Amino acid sequence: MATIVDITEEKALEVKNFEFTYASADEPSIKKLNMPIAKNSITALIGPSGCGKTTLLRAFNRMHDLYPGNEYAGEILFKNRNILTSKEDLINLRIQIGMIFQKPTAFPMSIFDNVAYGMKLQGIKNKTELNDRVEKALCDAAIWKEVKDRLKHDANGLSGGQQQRLCIARAIAVEPEVLLFDEPTSALDPISTSGIEELVIELKKKVSIIIVTHNMQQAARVSDYTGFMYLGELIELGYTEEMFVTPKEKLTEEYITGKFG
Amino acid sequence: MSLIIDKIFAHSTKLVAISVLFLVAWIFTVLFQHSMESMQALGFDFVTETKWAPNLEKFGALPAIYGSIVSTFLAMILAVPLAIGVAIFLSELAPAKLKSPVGVSIELLAAIPSVIYGMWGLFYFVPIIRDTFGGIGISMLTAGIVLSIMILPFMAAVTRDAMNTTPDILKESAYALGGTKWDVIKDIVIPYAKAGIIGSFILALGRAIGETMAVTFVMGNVHKISLDLTAPATSIPVTLANEFTEADTDLYYSSLFELSLLLLVISFTIISIAKFYFLRRTRVA
Ligand SMILES: Nc1ncnc2c1ncn2[C@@H]1O[C@H](COP(=O)(O)OP(=O)(O)OP(=O)(O)O)[C@@H](O)[C@H]1O
Ligand SMILES: [Mg+2]
């Protein structure tokens, strides 16, 4: 059985008996997983390659539904409802639960239009509102100063780190409640990485964050809670400070001390 | 030893490359030489004169130029939206089971020799056009339709390939912001693939404007500029295919060469523009 710390604060999400099977797989990639996610805090997901971190993350915004034949079981509770039902309005869910990918994904349009994109999808056309919210999002993503003079330029002209902050600006511009990060710094240099880390910490005032990372130092630096996954199961979820010092599970200890993975 | 082989290899490939250039220059020179007589006799009137009457020594290329442009334009108007539709369906909408059979049949269609489109057009399209729009059925419109059908598969296949190059992660990013399938196609896939799509259109245009066999049967070879699309017409390649064997005077012969030179210049221009787009695409990617 997994060791799961009692989360006393409010929960942003709660995973209950969750199972996930890919269309092409015979066995579930995630098995009977239970996991609470605390509100306005950062939960890091760590574990060896192939343990199911990305798979779990992409269930929170139902990204798996883009490809036919994938199957969910169990529940993920968000605002007191199970978001895994077929009734769930996926467009609305994805507006509330945003996602940042492993590589920067600037759209083939200007910097401004990239950030305004999510708002435009929602039908917001008012120029002043768009301008204000784009500026605010870029400020919150700590990239305003670098791009304010070239908002009309193609976003692909930015550096990798700038593009990743642009993607964060784009995601927070629609004011989500939860943000999912899948190894957001794996394609970045150390300086850009620490920029993104500071940003993530700053963001938790407004949103709840789940961040997948291969880098245990990163998990230790940014997160409040850490979940260790292994072979499609959650082995341990604990306060980050405690888990890296006194893990309760043997597997967790072996992983964080580098015995495997 | 291997150094020598490398050298031989490098030199022989260089030779082949140079001979290709030489071939192009040679074709140009031959066409140019044979056009000289007509150029000297007719001057600029050749491209502005509307009368083509070889027995009266009147050679006006404008009807053929007009026919080439209008039939190609018609073909593009008809084929572009269909090609985009087919490509969107194949790359974004079709279930996996349909994608490859439909995709392969489109590629097969693209491989059909154009003379077959021409014969098919003559026997099936000419009567349909005659019954629906009146006229004799052999017309500019028929040529436009047959051309559009001929270039459609190529355009659809290349457009689909360009759309397929859109990284999944880019599309997912748009879905993750609350985009619908249509939003993603319109805002991400098409802009991302734009250069490739436009390149394929221009190549198709180049093919349509020089196409001979598909339209020779259905256009009529009538040197007359008519706004009525159901009237018979001609184009540069149709004129060439029909009249080379009949050219009985030197001026007639030479003016046909000048027509082909004109076609070559138009095609080269189009291909150069296409190349420009393709080059831009590879630089972005
Ligand atoms: N599209 C897919 N179809 C079938 N199986 C998949 C698919 N994607 C992932 N899997 C399988 O699901 C399991 C979990 O994969 P997942 O990508 O979630 O791992 P991960 O923890 O994110 O690994 P990494 O650290 O390498 O990113 C793996 O065994 C993988 O092979
Ligand atoms: Mg992963």
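Refer to the preceding data block for the structure.
Heads up: these notes are all about the structure in this document.

Calculation rules
- Residues numbered from 1 in each chain as written.
- Chains lettered and ligands numbered in written order.
- Predicted model: local features only at pLDDT ≥ 70, side-chain atom pairs only at ≥ 80, totals over all residues.
- Heavy atoms only, no water.
- Near = heavy atom within 4 Å.
- Polar contact = N/O pair within 3.5 Å; in protein donor to acceptor, adjacent residues only side chain to side chain.
- Areas by Shrake-Rupley, 256 points an atom, 1.4 Å probe, with all protein chains shown as cover.
- Nonpolar A, V, L, I, M, F, W, Y, C, P; charged D, E, K, R; others polar.
- 1 Å grid on protein atoms, 1.4 Å probe; cavity = no way out; pocket = protein on both sides within 12 Å on 5 of 7 lines; lining within 4 Å.
- Points joined across faces, edges and corners; volume = space filled by probe spheres on them.
- Helix = DSSP H or I, 4+ residues; strand = E, 2+ residues; numbered from the N terminus.
- Contact = heavy atoms within 4.5 Å.
- Pairing = 2+ DSSP bridges.
- Axes fitted to C-alpha atoms, helices over the stretch in contact; angles between N-to-C directions.
- Salt bridge = Lys/Arg side-chain N within 4 Å of Asp/Glu carboxyl O.
- Buried < 20%, exposed > 50% of the residue type's maximum accessible area, 1.4 Å probe, protein only.
- Buried area = accessible area lost by both parts, 1.4 Å probe.
- Core = buried A, V, L, I, M, F, W, Y, C linked by side-chain atoms within 4.5 Å.
- Disulfide = S-S within 2.5 Å.

## Let's talk about the site of ligand 1
Residues and elements named next belong to chain A.
Piece 1. Around ligand 1 sit Tyr 22, Ser 24, Ser 29, Ser 49, Gly 50, Cys 51, Gly 52, Lys 53, Thr 54, Thr 55, Glu 183 and His 214, and those are all the residues in its vicinity.
Piece 2. Separating a nitrogen atom of ligand 1 from a side-chain N or O atom of Tyr 22 is a distance of 3.5 Å.
Piece 3. In this structure, an oxygen atom belonging to ligand 1 sits 2.6 Å away from a side-chain N or O atom of Thr 54.
Piece 4. Considered on its own, ligand 1 offers 630 Å² of accessible surface; in the complex 61% of this is hidden by protein.
Piece 5. Looking at the shell around ligand 1 residue by residue, the class counts come to two nonpolar, eight polar and two charged.

## Here we look at the layout of surface pockets
Piece 1. When its volume is computed, the second largest pocket comes out at roughly 510 Å³.
Piece 2. Along the walls of the second largest pocket sit 21 residues, with Leu 66, Tyr 67 and Pro 68 of chain A together with Glu 92 and Lys 181 of chain B positioned nearest its centre.
Piece 3. Per element, the largest residue contribution to the lining of the second largest pocket is four residues, and it comes from helix 7 (residues 168–175) of chain B.

## Some words on the side chain of Glu 258 of chain B
Piece 1. As for its placement among the helices and strands, Glu 258 of chain B is situated in helix 11 (residues 250–284).
Piece 2. Setting aside chain neighbours within four positions, we find Glu 258 of chain B in contact with Ser 35, Ser 38, Met 39 and Phe 46 of chain B.

## Some thoughts on empty space enclosed by the protein
Residue and element names in this part refer to chain B.
Piece 1. All chains considered together, the criterion is met by three cavities of 30 Å³ or more.
Piece 2. By volume, the largest cavity amounts to about 90 Å³.
Piece 3. In terms of residue class, the lining of the largest cavity is made up of nine nonpolar, three polar and two charged.
Piece 4. Roughly 50 Å³ of internal volume is contained in the second largest cavity.
Piece 5. Along its surface, the second largest cavity is lined by Ser 68, Ser 71, Thr 72, Leu 147, Ala 208, Ile 209, Glu 211, Val 215, Met 219, Ser 235 and Pro 237.
Piece 6. For the lining of the second largest cavity, the secondary-structure elements that each account for two or more residues are helix 3 (62–93), helix 8 (181–210) and helix 9 (213–219).
Piece 7. Per-element tally for the lining of the second largest cavity: the top contributor is helix 3, with three residues.

## What about the sheet that holds strand 2 (residues 11–21) of chain A?
Residue and element names in this part refer to chain A.
Piece 1. In space, the four strands of this open sheet follow the order 3-2-5-6, with antiparallel pairing throughout. On the outer flanks of this sheet lie strand 3 (30–38) and strand 6 (81–82), each paired with one strand and no other.
Piece 2. Sheet topology places strand 2 next to strand 5 (residues 71–78); seven bridges connect them, and they run antiparallel. When the sheet's bridge partners are listed, Glu 19 is paired in strand 5 with Ala 73.
Piece 3. Along the sheet face, helix 1 (residues 53–60) touches strand 2, strand 3 and strand 5 and points at about 120° away from the line of strand 2.

## With respect to the pattern of salt bridges
Piece 1. Tallied over the full model, the rule gives 22 salt bridges over all chains.
Piece 2. Where Glu 129 of chain A meets Arg 133 of chain A, a salt bridge forms, and the shortest distance between an N and an O atom there is 3.2 Å. Of this pair, Glu 129 of chain A and Arg 133 of chain A both sit in helix 4 (residues 127–140), four residues apart, roughly one helical turn.
Piece 3. What makes Glu 129 of chain A partly exposed here is its relative accessible area of 33%.
Piece 4. Classification of Arg 133 of chain A by relative accessible area gives buried; the value is 18%.
Piece 5. The partner of Lys 171 of chain B in a salt bridge is Asp 168 of chain B, and the shortest N-O contact between them spans 3.9 Å. Taken together, the positions of Lys 171 of chain B and Asp 168 of chain B, both in helix 7 and three residues apart, correspond to about one turn of that helix.
Piece 6. The class of Lys 171 of chain B is buried, set by a relative accessible area of 12%.
Piece 7. With a relative accessible area of 42%, Asp 168 of chain B lands in the partly exposed category.
Piece 8. If you follow the salt bridges from partner to partner, you end up with Lys 136, Asp 140 and Lys 206 of chain A in one network.

## Digging into the interface of chain B and chain A
Piece 1. Contacts between the two partners involve 18 residues from chain B and, on the opposite side, 24 residues from chain A.
Piece 2. Between chain B and chain A lies a buried interface of about 1,700 Å² when both sides are counted; carbon and sulfur atoms form 71% of it.
Piece 3. Together, Glu 172, Ala 176 and Leu 177 of chain B form the three largest contributors to the area buried by chain B at its contact with chain A, with a combined 38%.
Piece 4. For the interface between chain B and chain A, the tally reads one salt bridge.
Piece 5. Across the pair Glu 172 of chain B and Arg 58 of chain A runs a salt bridge, and its minimum N-O distance is 2.9 Å.
Piece 6. Connecting chain B to chain A are four residue pairs in polar contact (both at pLDDT 80 or more).
Piece 7. If one sorts the elements of the side of chain B that touches chain A by residue count, helix 7 of chain B sits on top with seven residues.
Piece 8. Here the side of chain B that touches chain A is composed, by residue class, of 10 nonpolar, four polar and four charged.

## Observations concerning the nonpolar core
The nonpolar side chains of a soluble globular protein tend to be buried, and buried together.
Piece 1. Ranked by internal contacts, the top residues of the largest apolar core, which has 88 residues, are Phe 18 and Phe 60 of chain A.
Piece 2. Looking at this core, the element that brings in the most residues is helix 6 (residues 140–164) of chain B, giving 13 residues.
Piece 3. Contact partners of Phe 60 of chain A, with chain neighbours within four places excluded, come to Leu 13, Val 15, Ile 76, Ile 83, Leu 93, Ile 97, Leu 180 and Ile 210 of chain A.

## Quick look at the state of the cysteines
Residue and element names in this part refer to chain A.
Piece 1. Tallying each qualifying case throughout the model produces zero disulfides over all chains.
Piece 2. Cys 139 takes part in no disulfide bond, and the closest cysteine sulfur to it belongs to Cys 167, at a distance of 17 Å.
Piece 3. In this structure Cys 139 comes out as partly exposed when scored by relative accessible area, which is 39%.

## Observations regarding the environment of Ile 112 of chain B
Residues and elements named next belong to chain B.
Piece 1. Within the secondary structure layout, Ile 112 lies in the loop between helix 4 (96–110) and helix 5 (114–133).
Piece 2. For Ile 112, a relative accessible area of 26% gives the class partly exposed.
Piece 3. When the C-alpha positions of Ile 112 and Met 150 are compared, they lie 8.4 Å apart, and in sequence the two are 38 residues distant.

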